[in-house]
There are 2 protein chains.
Amino acid sequence: MPFDPADLTYNDAGLIPAIAQDADTREVLMLAWMNAESIAQTLKTGRVTYWSRSRQSFWIKGETSGHTQELVEFRFDCDQDCLLVLVNQTGAACHTGRRHCFYRTVKDGEVIENLAL
Amino acid sequence: MPFDPADLTYNDAGLIPAIAQDADTREVLMLAWMNAESIAQTLKTGRVTYWSRSRQSFWIKGETSGHTQELVEFRFDCDQDCLLVLVNQTGAACHTGRRHCFYRTVKDGEVIENLAL
């Protein structure tokens, strides 16, 4: 069946959440948002392209930082309202310079930071 | 630092996306939503508890199906607007009976279903 981004389910802002996972390590790197056009761009160019909610513009991951995400596999879920992109991540996925964004864990009611990242 | 669910950032509906990842296989299983109270319940009980947007009620994963998610690790991201829960998944995470929800891939413009799931 041909894929059409219009067949996916978007929120009121026309966006769908996209989970980025490292294709090699299987680490979950980050979650960001896409719209139909950024999905089309991602599939066409092979460079993961989000929609920046703060800047209200396309966000070609790594365009300024060099920390690009090369698309390895593009998946969507049962309800067609969430994406999973498997990527080759260059450098840090997180804007803090860490490899991924989920560097804080809650343990016994306390926030623990993963200092190895 | 003590963790307080109120410190996280929620959308207009009071919800935050939660990615569930298998703690052993590192497969991304699903994405669902939590509110502050379901986060507190998840941490207190060790059973992953979402907020069902369709039913507008707490959704203790597997309560009716038996396909429970035992919490292994609870993380949150740099912007404090997304959660990652590592879980021990019993049975299928997806309501279709598949192990996870991301069983469809887009390849060369076509939708390919992973028949192994």
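Nothing here was measured: the structure is a model prediction, and the numbers come from that model.

Enquirer: Even after reading the chapter, I still don't get the sheet that holds strand β5 (residues 69-76) of chain A, so can you show me in this structure?
Expert: Read across the sheet, six strands follow the order β2(A)-β1(A)-β6(A)-β5(A)-β7(B)-β8(B) without closing on themselves; strand pairing throughout is mixed. Lying at the two open borders of the sheet, with one neighbouring strand each, are β2 (28-34) of chain A together with β8 (110-113) of chain B. Put simply, the sheet's adjacent strands are angled 35° from each other on average, direction ignored. As judged from the five bridges shared by strand β1 (residues 16-22) of chain A and strand β6 (residues 83-89) of chain A, these two strands associate in the parallel manner.

Enquirer: Explain the sheet that holds strand β8 (residues 110-113) of chain A here, please?
Expert: Sheets are built from strands that pair by backbone hydrogen bonding, the pairs being arranged parallel or antiparallel. Read from one edge to the other, the open sheet built from six strands follows the order β8(A)-β7(A)-β5(B)-β6(B)-β1(B)-β2(B), with strand pairing classed as mixed. On the outer flanks of this sheet lie β8 of chain A together with β2 (28-34) of chain B, each paired with one strand and no other. For this sheet, the mean inter-axis angle between neighbouring strands, taken without regard to orientation, is 35°. Across the face of the sheet, helix α1 (residues 36-45) of chain B comes into contact with β7 (104-107) of chain A together with β1 (16-22), β2, β5 (69-76) and β6 (83-89) of chain B while running at roughly 120° to β5(B).

Enquirer: Which parts of the structure should I look at to understand unusual backbone geometry?
Expert: Most of the time, phi is negative for any residue but glycine, and the peptide bond is trans. Its identity is not glycine, yet Arg26(A) carries a phi of approximately 70°, on the positive side. Checked against the element boundaries, Arg26(A) lands in the loop between β1 and β2.

Enquirer: Explain the environment of Gln56(B) to me, please; I cannot follow it from the model alone.
Expert: Mapped onto the secondary structure, Gln56(B) falls in the loop between β3 (49-52) and β4 (57-60). For Gln56(B), the side chain forms a polar contact with the main-chain oxygen of Arg53(B), separated by 3.2 Å.

Enquirer: Just checking my understanding: could you explain the UniProt feature "domain: Phosphoribosyl-AMP cyclohydrolase" (unreviewed entry) in chain A for this structure?
Expert: What UniProt calls "domain: Phosphoribosyl-AMP cyclohydrolase" (unreviewed entry) maps, in this numbering, to residues 30-103 of chain A. Between the C-alpha atoms that bound residues 30-103 of chain A the distance is 11 Å, and the span itself is 14% helix and 38% strand.

Enquirer: What is the right way to look at the state of the cysteines in this model?
Expert: Two cysteines form a disulfide when their sulfur atoms are joined by a covalent bond. Inspection of the entire model under this criterion finds zero disulfides over all chains. For the unlinked cysteine Cys82(A), the closest cysteine sulfur is that of Cys101(B), found at 8.6 Å. Since its relative accessible area comes to 0%, Cys82(A) is described here as buried. Not part of a disulfide, Cys94(B) finds its nearest cysteine sulfur in Cys78(A), a span of 3.7 Å. Note on Cys94(B): relative accessible area 4%, which makes it buried.

Enquirer: Looking at this model, I keep getting lost on the relation of the copies chain A and chain B. Mind explaining?
Expert: Here the two chain copies are tied together by a rotation about an axis and a shift along that axis. If you rotate chain A by 180° and push it 0.0 Å along the axis, it lands on chain B with an RMSD of 0.0 Å. Taken together, the turn and the small shift mark the pair as related by a two-fold rotation axis. No C-alpha of chain A lies nearer the rotation axis than that of Arg26(A), which sits 3.0 Å from it.

Enquirer: When you look at helix α1 (residues 36-45) of chain A in this model, what are you seeing that I'm missing?
Expert: Because each turn of an α-helix spans 3.6 residues, side chains separated by three or four positions in sequence point in the same direction. Residue and element names in this part refer to chain A. Among the residues of α1, Ser38, Ile39 and Thr42 are the ones counted as buried. The buried residues of α1 occupy one face: seen down the axis, they fall within an arc of 105°. In this structure, the buried residues of α1 make contact with β1, β2, β3 (49-52), β4 (57-60), β5 and β6. Residue glycine 46 follows α1 closely and has a positive phi angle near 75°.

Enquirer: Would you take a moment to explain the packing of aromatic side chains for this structure?
Expert: Each pair of aromatic rings is reported with the distance of its centres and the angle of its planes. All names here are of chain A. Within this structure, the stated rule accounts for eight aromatic pairs over all chains. The rings of Phe3, Phe74 and Phe76 are connected pair by pair, giving a single aromatic cluster. For the cation-ring pair, arginine 98 lies above tyrosine 103, with the distance from its terminal atom to the ring centre recorded as 3.7 Å.

Enquirer: I'm lost on the UniProt feature "binding site: Zn(2+)" (unreviewed entry) in chain A in this one. Help?
Expert: Those residues carrying the UniProt feature "binding site: Zn(2+)" (unreviewed entry) are Cys78(A), Cys94(A) and Cys101(A) in this numbering. Over a stretch of 24 residues, the named residues are scattered through the fold, their C-alpha atoms separated by up to 27.6 Å. Note that Cys78(A) resides in the loop between β5 and β6. Sequence-distant contacts of Cys78(A), defined by excluding residues within four places in its chain, comprise Cys94(B), His95(B), Thr96(B), Cys101(B), Tyr103(B) and Arg104(B). Setting aside residues up to four positions removed in sequence, Cys94(A) forms contacts with Arg99(A), His100(A), Cys101(A), Tyr103(A) and Cys78(B).

Enquirer: Mind showing me how you'd approach the pairing of β3(B) here?
Expert: Looking along a regular strand, one sees side chains alternate from face to face of the sheet. Residue and element names in this part refer to chain B. Here β3 shows two buried faces, one formed by Thr49 and Trp51 and the other by Tyr50 and Ser52. Here β3 runs beside β4; their pairing, made up of four bridges, is antiparallel. Its bridge partner lying in β4, serine 52 is registered against serine 57. Where β3 folds back onto β4 in an antiparallel hairpin, the turn is made up of four residues, including glutamine 56, whose phi is positive at roughly 50°.

Rules used in this analysis
Residues numbered from 1 in each chain as written. Chains lettered and ligands numbered in written order. Predicted model: local features only at pLDDT ≥ 70, side-chain atom pairs only at ≥ 80, totals over all residues. Heavy atoms only, no water. Pairing = 2+ DSSP bridges. Helix = DSSP H or I, 4+ residues; strand = E, 2+ residues; numbered from the N terminus. Axes fitted to C-alpha atoms, helices over the stretch in contact; angles between N-to-C directions. Contact = heavy atoms within 4.5 Å. Polar contact = N/O pair within 3.5 Å; in protein donor to acceptor, adjacent residues only side chain to side chain. UniProt positions renumbered as here; feature names shortened; annotations may be inferred. Disulfide = S-S within 2.5 Å. Buried < 20%, exposed > 50% of the residue type's maximum accessible area, 1.4 Å probe, protein only. Least-squares fit on C-alpha atoms with pLDDT ≥ 70 in both. Arc of directions from axis to C-beta. Phe/Tyr/Trp six-rings, centres within 6.5 Å; stacked < 30°, edge-to-face > 60°. Lys NZ or Arg CZ within 6 Å of the ring centre and 35° of its normal.

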